[in-house]
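Commentary on secondary and tertiary structure
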Amino acid sequence: MLESTNRYGLNMKKKVLLGLVLCLSLLNACVTVPKDGKPKEVNPQTENQQELSRALNELKGEYAGIDFEKTEQTIKSVSAGDMNVIKDVMNDPNKYVPPVLLAYAEQVFQAGHPEVAMFWYYTAQLRARSDANKSLDKSVQRGVTALSVRFGTNIGTYAEQHLDQLELVMQKVLSWDEQSERNYNPKWVALLGEEAKFSQKVRFVDASKYKQVDEETRRGWKIGFDSAIRQLREEAANNKTED
């Protein structure tokens, strides 16, 4: 399975982590259990502390303008098998951010279409990395690398076991992405960075450079993939020789 370890996300040998984590967990009350067996709260939050905790968890400034609640609901609906939402993703995938495509890919795989699932799985990875490359908050790269604990484990395993299919799929991914118009806000990815916790301004390259960054990412992705697929084939050949 692909592991994203650089700005192109192309160290292929290890597992990709994919899950969204945004909120801070601060100032929670602690609970202890005394000898009588009755739980007892220690240092419960005062009203002021609760207000401070809520404030720390609130996105500010430009971050607050990035509407991710709808995306989260879409992911939940797709993961739950809501066919109305799934059909909408099928009919207009370019309007959805990469995490939605990851959820969709998993549903497709579970429905018994692994090759199609690989296409959307790696399309989502490519676009997520490309969006991260537009961010000037370098911690966003780590956020994208940690984006997918929830999705794609079986897809990645299947891909490693079917390298011929994987090569064809990756060619289609790169070609389709180059010819398609992304109709979503790439700044969704800024929410994965550390700056989202305290900053009000989303630091991003100018929109006029988006297509350039996309092209550079595709080029880097292909170079890394070609190298990785050679390594995987060599390892497969060595394993057969040893057998």
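A quick note: this is a predicted structure, and the numbers were derived from the prediction, not measured. (Residues numbered from 1 in each chain as written. Predicted model: local features only at pLDDT ≥ 70, side-chain atom pairs only at ≥ 80, totals over all residues. Heavy atoms only, no water.)

As a packed pair, helix H6 (residues 114-132) and helix H9 (residues 163-179) sit with axes 9 Å apart at the nearest point and diverge in direction by 50°. Accordingly, the angle class assigned to the pair H6 and H9 is oblique. The chirality of how H6 crosses H9 is right-handed. Together, Glu 115, Met 118, Phe 119, Trp 120, Tyr 122, Thr 123, Leu 126 and Arg 127 of H6 and Gln 165, Leu 166, Val 169, Met 170, Lys 172, Val 173, Leu 174, Trp 176 and Asp 177 of H9 make up the contact between the two elements. Considered class by class, the residues forming the contact of H6 with H9 number eleven nonpolar, two polar and four charged. (Axes fitted to C-alpha atoms, helices over the stretch in contact; angles between N-to-C directions. Helix = DSSP H or I, 4+ residues; strand = E, 2+ residues; numbered from the N terminus. Parallel < 35°, antiparallel > 145°, perpendicular 65-115°, else oblique. Left-handed = near helix turned anticlockwise from the far one by under 90°. Contact = heavy atoms within 4.5 Å. Nonpolar A, V, L, I, M, F, W, Y, C, P; charged D, E, K, R; others polar.)

With that settled, consider the packing of aromatic side chains. Under the counting rule described, the total for this entry stands at seven aromatic pairs. Consider the rings of Tyr 121 and Tyr 122, whose centres lie 4.8 Å apart with planes at 70°: the pair is edge-to-face. One exposure class covers both Tyr 121 and Tyr 122, and it is buried. Judged by centre distance (6.1 Å) and plane angle (85°), the ring pair of Phe 204 and Tyr 210 falls under edge-to-face. For the residue pair Phe 204 and Tyr 210, the accessibility class agrees, reading buried in each case. Joined through ring pairs, the aromatic side chains of Tyr 104, Phe 119, Trp 120 and Trp 176 make up one cluster. Here Lys 134 stacks its cationic end above the ring of Tyr 210, 5.6 Å away from the centre of that ring. (Phe/Tyr/Trp six-rings, centres within 6.5 Å; stacked < 30°, edge-to-face > 60°. Buried < 20%, exposed > 50% of the residue type's maximum accessible area, 1.4 Å probe, protein only. Lys NZ or Arg CZ within 6 Å of the ring centre and 35° of its normal.)

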